[in-house]
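What follows is each chain in one-letter form.
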Number of protein chains: 2
Amino acid sequence: MAATLRDVAELAGVSIKTVSNVVRGYKHVKESTRTAVLAAIEQTGYQPNISARSLRIGRSGVIGLALPELALPYFAELAGAVISEAKEHGVTVLIEQTGAELDAEYDVLRSPSLQLTDGLIFSPLAMSQDDVARLEVDYPLVILGERIFDPPCDHVVMDNVVAARAATEHLIAAGCRRIAAIGAHLGEDQGSAALRLRGYREALEAAGLPYDESLVGYVGLWHRLDGAQAMHEVLARGVAVDGVFGMNDTLAFGALRALQDEGRRVPDEVKIIGFDDLDETRYTAPSLSTVDPGRLQIAQQAVRVLLSRIEERRSGGAAAAPRRYTTPFRIVERESTRRADAPAA
Amino acid sequence: MAATLRDVAELAGVSIKTVSNVVRGYKHVKESTRTAVLAAIEQTGYQPNISARSLRIGRSGVIGLALPELALPYFAELAGAVISEAKEHGVTVLIEQTGAELDAEYDVLRSPSLQLTDGLIFSPLAMSQDDVARLEVDYPLVILGERIFDPPCDHVVMDNVVAARAATEHLIAAGCRRIAAIGAHLGEDQGSAALRLRGYREALEAAGLPYDESLVGYVGLWHRLDGAQAMHEVLARGVAVDGVFGMNDTLAFGALRALQDEGRRVPDEVKIIGFDDLDETRYTAPSLSTVDPGRLQIAQQAVRVLLSRIEERRSGGAAAAPRRYTTPFRIVERESTRRADAPAA
DNA sequence: ATGAAAGCGCTAACAT
DNA sequence: ATGTTAGCGCTTTCAT
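This is a predicted model, so every value here is computed, not measured. (Residues numbered from 1 in each chain as written. Chains lettered and ligands numbered in written order. Predicted model: local features only at pLDDT ≥ 70, side-chain atom pairs only at ≥ 80, totals over all residues. Heavy atoms only, no water.)

Thoughts on the protein's contact with DNA strand D
Where we set the bar: Nearness here has a simple test: a residue counts as near a molecule or strand if at least one of its heavy atoms is within 4 Å of that partner. The definition of a polar contact used here is a pair of N or O atoms within 3.5 Å, where within protein one atom must be able to donate a hydrogen and the other to accept one, and adjacent residues in sequence count solely through side-chain atom pairs. Strands here are runs of E lasting at least two residues and helices are runs of H or I lasting at least four, both read from the DSSP assignment and numbered beginning at the N terminus. Polar here means any residue other than Ala, Val, Leu, Ile, Met, Phe, Trp, Tyr, Cys and Pro, which are nonpolar, and Asp, Glu, Lys and Arg, which are charged; Gly is therefore polar.
Near DNA strand D you find 24 residues, and of these Tyr46 and Arg56 of chain A together with Thr18, His28 and Thr33 of chain B are the closest. One of the backbone nitrogen or oxygen atoms of Ser15 of chain B is found 2.7 Å away from a phosphate oxygen of DNA strand D. Between DNA strand D and the protein, one listed contact pairs a phosphate oxygen with a side-chain N or O atom of Thr33 of chain B at 2.4 Å. Within the residue set of the surface near DNA strand D, elements represented by two or more residues are helix H2 (16-23) and helix H4 (50-57) of chain A together with helix H2 (16-23) and helix H4 (50-57) of chain B. The element that contributes the greatest number of residues to the surface near DNA strand D is H4 of chain A, accounting for four residues. Here the residues of the surface near DNA strand D are counted per class, giving 10 nonpolar, seven polar and seven charged.

Some details on the pairing of strand E5 (residues 154-158) of chain B
Residue and element names in this part refer to chain B. Rules: Only protein chains enter the accessibility calculation, which uses a 1.4 Å probe. A residue is then buried if its area is under 20% of the maximum for its type, exposed if over 50%, and partly exposed in between. Criterion used throughout: strands pair if DSSP finds at least two bridges between them.
Within E5, five of the five residues are buried, which leaves it mostly tucked inside the rest of the structure. Taken together, the three bridges between strand E4 (residues 141-144) and E5 define a ladder with parallel strand orientation. Note that in E5 the partner of Ile143 across the bridge is His155.

Considering helix H8 (residues 191-206) of chain A
All names here are of chain A. Rules: How far a helix is expected to stretch is found by multiplying one less than its residue total by 1.5 Å. Here a residue-residue contact requires only that any non-hydrogen atoms of the pair lie within 4.5 Å.
Between its terminal C-alpha atoms H8 stretches 23 Å, which fits the 22 Å expected from 16 residues at 1.5 Å a residue. Every buried residue of H8 is accounted for by Gly191, Ser192, Ala193, Ala194, Leu195, Arg196, Leu197, Gly199, Tyr200, Ala203 and Leu204. The inward-facing, buried residues of H8 abut strand E5 (154-158), helix H7 (160-173), strand E6 (179-184), strand E7 (216-218) and strand E8 (243-246). Immediately downstream of H8, the backbone of Gly208 shows phi near 75 degrees, a positive value.

A closer look at the relation of the copies chain B and chain A
The condition is simple: When the copies are overlaid, the least-squares fit takes in C-alpha atoms only where the residue has pLDDT of at least 70 in both copies.
With an axial shift of 0.2 Å and an RMSD of 0.3 Å, the rotation relating chain B to chain A amounts to 180 degrees. In symmetry terms, the pair is related by a two-fold rotation axis. When the interface residues of chain B are mapped onto chain A, 100% of them again fall at the interface, so both copies present the same face.

A short note on the domain arrangement of chain A
Basically, it comes down to this: By convention here, the domain bounds are inherited from an automatic or database domain assignment.
According to the domain assignment, chain A consists of domain 1 (5-57), domain 2 (62-152 + 295-328) and domain 3 (160-292 + 331-337). The distance between the C-alpha centroids of domain 1 of chain A and domain 2 of chain A comes to 34 Å.

A closer look at the protein's contact with DNA strand C
Inspection of the region around DNA strand C gives 23 residues, with Thr18, His28 and Thr33 of chain A together with Tyr46 and Arg56 of chain B positioned closest. Sugar plus phosphate: this is where 68% of the atoms of DNA strand C within 4 Å of the protein reside. One of the side-chain N or O atoms of Arg56 of chain A is found 3.0 Å from a base nitrogen in DNA strand C. Arg56 of chain B is positioned with one of its side-chain polar atoms (N or O) 2.3 Å from a base oxygen of DNA strand C. Counting residues per element, the ones that place at least two in the surface near DNA strand C are H2 and H4 of chain A together with H2 and H4 of chain B.

With respect to the sheet that holds strand E7 (residues 216-218) of chain B
Note on sheets: strands pair through backbone hydrogen bonds, and any given pair is parallel or antiparallel. All names here are of chain B. As a reminder, the rule being used: Helix axes use the C-alpha atoms of the stretch in contact, all axes being lines fitted to C-alpha atoms, and the angles between their N-to-C directions lie in the range 0 to 180 degrees.
Within the open sheet, the four strands sit side by side as E7-E6-E8-E9. Their pairing is parallel. Pairing within the sheet leaves two strands with one partner each, and these edge strands are E7 and strand E9 (271-273). Pairs of neighbouring strands in the sheet enclose a mean axial angle of 15 degrees, with direction left out of account. Both strand E6 (residues 179-184) and E7 contribute to a ladder of three bridges, which runs parallel. Opposite Ile182, over in E7, you have Gly217 as the bridge partner. Against the sheet, helix H10 (residues 249-261) makes contact with E6, strand E8 (243-246) and E9, and its axis sits at roughly 165 degrees relative to E9, the strand it touches most.

Examining the environment of Val244 of chain B
Residues and elements named next belong to chain B. Tracing the backbone through its elements, the reader meets Val244 in strand E8. For Val244, a relative accessible area of 0% corresponds to the buried category. Residues Val244 and Gly80, spaced 164 residues apart in sequence, show a C-alpha to C-alpha distance of 30 Å. Beyond its immediate sequence surroundings of up to four residues, Val244 is in contact with Leu171, Ile179, Ala180, Ile182, Met231, Ala255, Leu259, Val270, Lys271, Ile272 and Ile273.

Focus on the pattern of salt bridges
Inclusion rule: By salt bridge we mean one thing: a side-chain nitrogen of Lys or Arg within 4 Å of a carboxyl oxygen of Asp or Glu.
As enumerated under the stated definition, the model contains 42 salt bridges over all chains in all. Among the ionic contacts, a cluster of salt bridges with common partners joins Asp277, Asp279, Arg282 and Arg334 of chain A.

Re the packing of helix H5 (residues 73-88) of chain A against helix H11 (residues 295-314) of chain A
All names here are of chain A. Quick note on the threshold: Oblique is the label for any angle not under 35 degrees, not over 145, and not in the 65 to 115 range, which are roughly parallel, roughly antiparallel and roughly perpendicular in turn. Should the near helix be turned counterclockwise from the far one by less than a right angle, the crossing is left-handed, whereas a clockwise turn marks it as right-handed.
Two numbers describe how H5 lies on H11: the axes approach to 8 Å, and their chain directions differ by 45 degrees. In this view, H5 runs oblique relative to H11, as classed from their interaxial angle. In this structure, the crossing between H5 and H11 has a hand that is right-handed. Packed against H5, whose contacting residues are Tyr74, Glu77, Leu78, Ala81, Val82, Glu85 and Ala86, the element H11 presents Arg295, Leu296, Ile298, Ala299, Gln300, Val303 and Arg304 at the interface. Residues belonging to the contact of H5 with H11 are distributed by class as follows: nine nonpolar, one polar and four charged.

Observations concerning the interface of chain B and chain A
Taken together, the 44 residues of chain B in the interface contact 44 residues of chain A. Counting across the interface, chain B meets chain A through four salt bridges. Those elements that provide at least two residues to the side of chain B that touches chain A are H4, helix H5 (73-88), strand E2 (92-97), helix H9 (224-236) and H10 of chain B. Among the elements that line the side of chain B that touches chain A, the one with the most residues is H5 of chain B, at seven residues. Classifying every residue of the side of chain B that touches chain A by side-chain character gives 19 nonpolar, 15 polar and 10 charged. Two elements, strand E2 (residues 92-97) of chain A and E2 of chain B, share three bridges in a ladder whose sense is antiparallel. Within E2 of chain B, the position partnered with Val93 of chain A by the bridge is Ile95 of chain B.

Section: the side chain of Asp276 of chain B
Residues and elements named next belong to chain B. Going by this rule: Charged residues are defined narrowly, with Lys and Arg counted positive, Asp and Glu counted negative, and His plus the chain ends left uncounted.
In this fold, Asp276 is placed in the loop between E9 and strand E10 (290-292). In this structure, Asp276 is buried with no salt-bridge partner, the nearest side chain bearing the opposite charge being Arg196 at 4.5 Å. When neighbours within four sequence positions are excluded, Asp276 is seen to be in contact with Tyr74, Arg196, Asn248, Asp249, Thr290, Val291, Pro293 and Arg295.

A few points about the packing of helix H1 (residues 5-12) of chain A against helix H3 (residues 31-44) of chain A
Residue and element names in this part refer to chain A. Contact geometry for H1 and H3: axes closest at 9 Å, N-to-C directions at 125 degrees. Taken together, the axes of H1 and H3 are oblique relative to one another. For H1 against H3, the interelement crossing comes out right-handed. Residues Val8, Leu11 and Ala12 of H1 pack against Ala36, Val37, Ala40, Ile41, Gln43 and Thr44 of H3. Across the contact of H1 with H3, the residue classes break down as seven nonpolar, two polar and no charged.

Notes on the sheet that holds strand E9 (residues 271-273) of chain A
All names here are of chain A. Taken together, the four strands give an open sheet; going across it, the order is E7-E6-E8-E9, and neighbouring strands pair in parallel fashion. Among the strands making up the open sheet, the edge pair consists of E7 and E9. Neighbouring strand axes in the sheet, compared pairwise and without regard to direction, differ in orientation by 15 degrees on average. Alignment of E6 against E8, held across four bridges, turns out to be parallel. In the strand pairing of E8, Ile179 is matched with Gly243.

As structure tokens, then:
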């Protein structure tokens with residue numbers, strides 16, 4: 001079986017305390033002792049038992065990440081960034097998928113598997129402001145996204161309203177006047193869909209353009225198929241459309257496909273912008289303009305905030321008040337919103 | 001602080017053993033006792049300490065999953081499937097990214113974070129047959145993919161040669177005679193690229209078509225951009241091309257884009273098939289024919305095999321010999337290989 | 001600079 | 001059916 005401190009100690013002819021000191025890089029160890037211990041560690045192939053250490057010190061070096069679904073590219077890229085950032089700090093990541101189900105989101109907050117986790121980064125999709133009380137947990141928790149506004153925990157967000165407004169203004173600046181919004185959720189007044197719709201409306205208003213319900217495409221989920229269907233629905237209404245704001249890239253890909261299927265030339269007749277800056281946006285035909293939501297920064301910020309909370313708790317300091325961190329976004333212009341008179345890429 | 005067995009026991013007026021029995025669903029507990037204990041658990045908010053349990057029983061209920069990168073859609077979807085399957089079995093998943101770096105792949109096999117893991121599912125991308133000895137580890141290990149052929153551990157694979165051959169035969173059946181292969185790795189004779197190239201050659205040979213080096217597009221990685229560049233290179237050679245076998249969907253997306261950029265009509269002038277059945281294949285224009293590699297089945301099989309190895313080890317049974325599990329694939333025909341005379345989708 | 005020993009919370013063998 | 005108790009491997013006082 002795996003070697004323990006005791007095995008190493010015996011082999012090196014010292015006490016387990018000394019081995020422990022060497023393993024943990026304690027300074028005051030005689031050089032000769034250290035060498036002997038290191039040799040014994042090498043020889044036995046000793047690796048510390050994380051469960052035992054974790055039981056003893058109350059931390060495991062593992063953080064949880066709860067998100068809707070890894071098959072959604074946005075979350076896959078986010079998870080990759082979280083894992084990379086965690087690794088920088090010597091921490092590993094345990095992933096839970098909630099499938100965007102409300103019950104699963106409740107469950108994940110009390111999941112027994114989180115017991116061996118030092119804290120959680122949580123990206124809710126079904127929970128809303130009403131559920132804010134559920135976020136009062138007794139472990140460090142960082143939530144992502146703007147579904148909940150004053151959570152009793154740290155919060156890393158990108159400003160959806162401002163970003164959606166900027167995306168819509170980008171279309172307006174490109175000459176669009178009849179801009180469809182694809183991806184709205186019926187009856188929702190919180191969450192990304194509602195916020196991005198609000199940003200869209202603000203941009204229209206600021207430009208003196210009317211808000212026209214017949215230009216809004218409602219969907220269930222933000223999958224490609226939903227984008228395609230919603231786009232077809234809007235076009236079927238027979239209204240004029242010369243621009244499309246897709247509330248995420250995946251919806252926009254579907255909408256782009258629908259436009260092309262119906263013979264609309266993009267960007268000549270209709271311009272379209274998405275949201276997320278998925279890798280894929282670079283490779284569609286035409287390539288998709290989008291909003292870069294600063295995924296990397298969100299991931300880095302979330303990990304750092306979580307780890308500092310964990311450290312704060314370890315050192316027994318008084319808990320600082322929950323903070324909200326807003327990360328920057330960026331409009332990325334690609335072919336799908338290029339003006340006819342603009343130079344090619 | 002968090003409640004322990006002792007707290008619950010005290011409150012319920014029983015011993016910790018009884019509480020433990022209730023928690024673990026032991027049958028022989030008096031109904032009234034069980035009720036009292038459950039009430040005490042409810043009241044204290046008791047949750048078992050996984051580290052302690054894990055230390056005691058030697059298992060944590062966590063498995064590791066090591067893969068190149070979550071940002072690659074294939075691996076994101078695979079990881080999602082592994083997590084879902086693991087959850088079915090009450091197990092959680094800790095993910096490590098290797099970035100397809102050889103050193104990182106070596107490291108992951110000895111990573112300290114695996115210490116709290118009961119076993120590992122590993123999808124190597126840089127390791128080769130030469131590294132087979134490194135897979136002799138003292139914990140349950142299941143490897144995925146065909147980079148290594150007779151590993152000293154269980155192995156879940158899809159038959160790349162046969163699948164690539166089937167994909168190429170699909171193009172041939174659709175009338176293609178000048179079929180480019182996009183995604184070869186120079187000098188590689190193991191790994192997916194080499195295997196898929198072999199399947200491609202076998203199909204040509206079986207159909208009596210010549211193998212023409214000028215139709216092979218070499219790449220560094222299997223990203224979209226690589227597919228586009230390789231396709232441009234092949235076209236630049238001025239050779240006739242009426243079919244393209246993309247060694248994965250991502251390459252095929254890039255190649256598709258390149259073909260369209262150069263004014264080739266797909267599928268009328270050139271047909272193209274990819275490999276992986278990413279969700280995205282349904283939404284490109286034209287939609288992409290591909291090979292469904294049975295990701296879900298790979299994930300399920302891998303988790304089940306790993307868990308049964310863990311169970312085998314727990315029960316102290318003699319270890320059965322490592323097995324190879326081959327999962328089935330399926331050709332998915334979409335628009336990109338449709339014959340002119342075939343009915344539309 | 002190093003050793004002895006307590007105990008983190010749990011499970012399981014043994015006892016009743 | 002339930003209680004007692006010995007560790008699992010580690011970190012950490014407290015000695016020396």
